[in-house]
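Here is what each chain is made of, one letter per residue.
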Amino acid sequence: QVQFVESGGGLVQPGGSLRLSCAASGFTFNIYFMSWYRQAPGKERELVATISSTGGSTNYKDSVKGRFTISRDNAKNTVYLQMNSLKPDDTAVYYCNTHGNYFGSWGQGTQVTVSS
């Protein structure tokens, strides 16, 4: 059974930082590209960042480039998202998944709220 368990969200002031974690299970983690997605209230879910299976290549949504860093630990089946210089527009529920939602399954996500 494929599972994604996201954690690390919270309330942070503009300019602050958070580190999200996602523990994945039920599939061969180290052969899949992994991504972070987010969904803000009233908006479609969007792709934020992607990392290759080995971690050697990353891609980011333009609005988070230079502020967010995606990484992974294949020994722990875990993917991370370091978020710095947070802005109110980053407020959303953040989800991790295989890139392209290969298995058609989502975790519960973790809420990130950026507000003063």
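Our subject is the structure that appears above.
Residues numbered from 1 in each chain as written. Predicted model: local features only at pLDDT ≥ 70, side-chain atom pairs only at ≥ 80, totals over all residues. Heavy atoms only, no water.

**Student:** Whenever I open this one, the layout of surface pockets confuses me. Can you help?
**Tutor:** Where empty space is left becomes clear once a probe the size of a water molecule has been rolled over the atoms. Here the largest pocket is characterised by a volume of approximately 210 Å³. Around the largest pocket, the lining comprises 14 residues; the ones closest to its centre are R38, A40, K43, E46 and D89. The residue inventory of the lining of the largest pocket, partitioned by class, reads two nonpolar, three polar and nine charged. (1 Å grid on protein atoms, 1.4 Å probe; cavity = no way out; pocket = protein on both sides within 12 Å on 5 of 7 lines; lining within 4 Å. Points joined across faces, edges and corners; volume = space filled by probe spheres on them. Nonpolar A, V, L, I, M, F, W, Y, C, P; charged D, E, K, R; others polar.)

**Student:** Which parts of the structure should I look at to understand the state of the cysteines?
**Tutor:** Structurally, a disulfide amounts to a covalent bond that connects the sulfur atoms of two cysteines. Throughout the structure, instances matching the rule amount to one disulfide. Paired by a disulfide, C22 and C96 hold their sulfur atoms 1.7 Å apart. With C22 in strand β3 (residues 18–25) and C96 in strand β9 (residues 92–98), this pair connects stretches of sequence that are 74 residues apart. Neither C22 nor C96 differs from the other in exposure class; each is buried. (Disulfide = S-S within 2.5 Å. Helix = DSSP H or I, 4+ residues; strand = E, 2+ residues; numbered from the N terminus. Buried < 20%, exposed > 50% of the residue type's maximum accessible area, 1.4 Å probe, protein only.)

**Student:** What's the story with the sheet that holds strand β5 (residues 46–51) in this structure? I'm lost.
**Tutor:** What holds strands together in a sheet is hydrogen bonding between their backbones, with the strands either parallel or antiparallel. The sheet built from six strands is open, its strands ordered β2-β10-β9-β4-β5-β6 with mixed pairing. Looking at strand neighbours, the two that pair on one side only are β2 (10–12) and β6 (58–60), the edges of this open sheet. On average, each strand axis in the sheet is inclined to that of its neighbour by 25°, with strand direction left out of account. (Pairing = 2+ DSSP bridges. Axes fitted to C-alpha atoms, helices over the stretch in contact; angles between N-to-C directions.)

**Student:** What is the right way to read the side chain of D90 from this model?
**Tutor:** Mapped onto the elements, D90 comes out in the loop between β8 (78–83) and β9. Judged by relative accessible area, which is 2%, D90 ranks as buried. At 3.0 Å, the side chain of D90 and the side chain of R38 are in polar contact. Those residues in contact with D90 that lie beyond four places of it in its chain are R38, V64, R67, F68, S85, V112 and V114. (Polar contact = N/O pair within 3.5 Å; in protein donor to acceptor, adjacent residues only side chain to side chain. Contact = heavy atoms within 4.5 Å.)

Any link to function would need more than the numbers given here.
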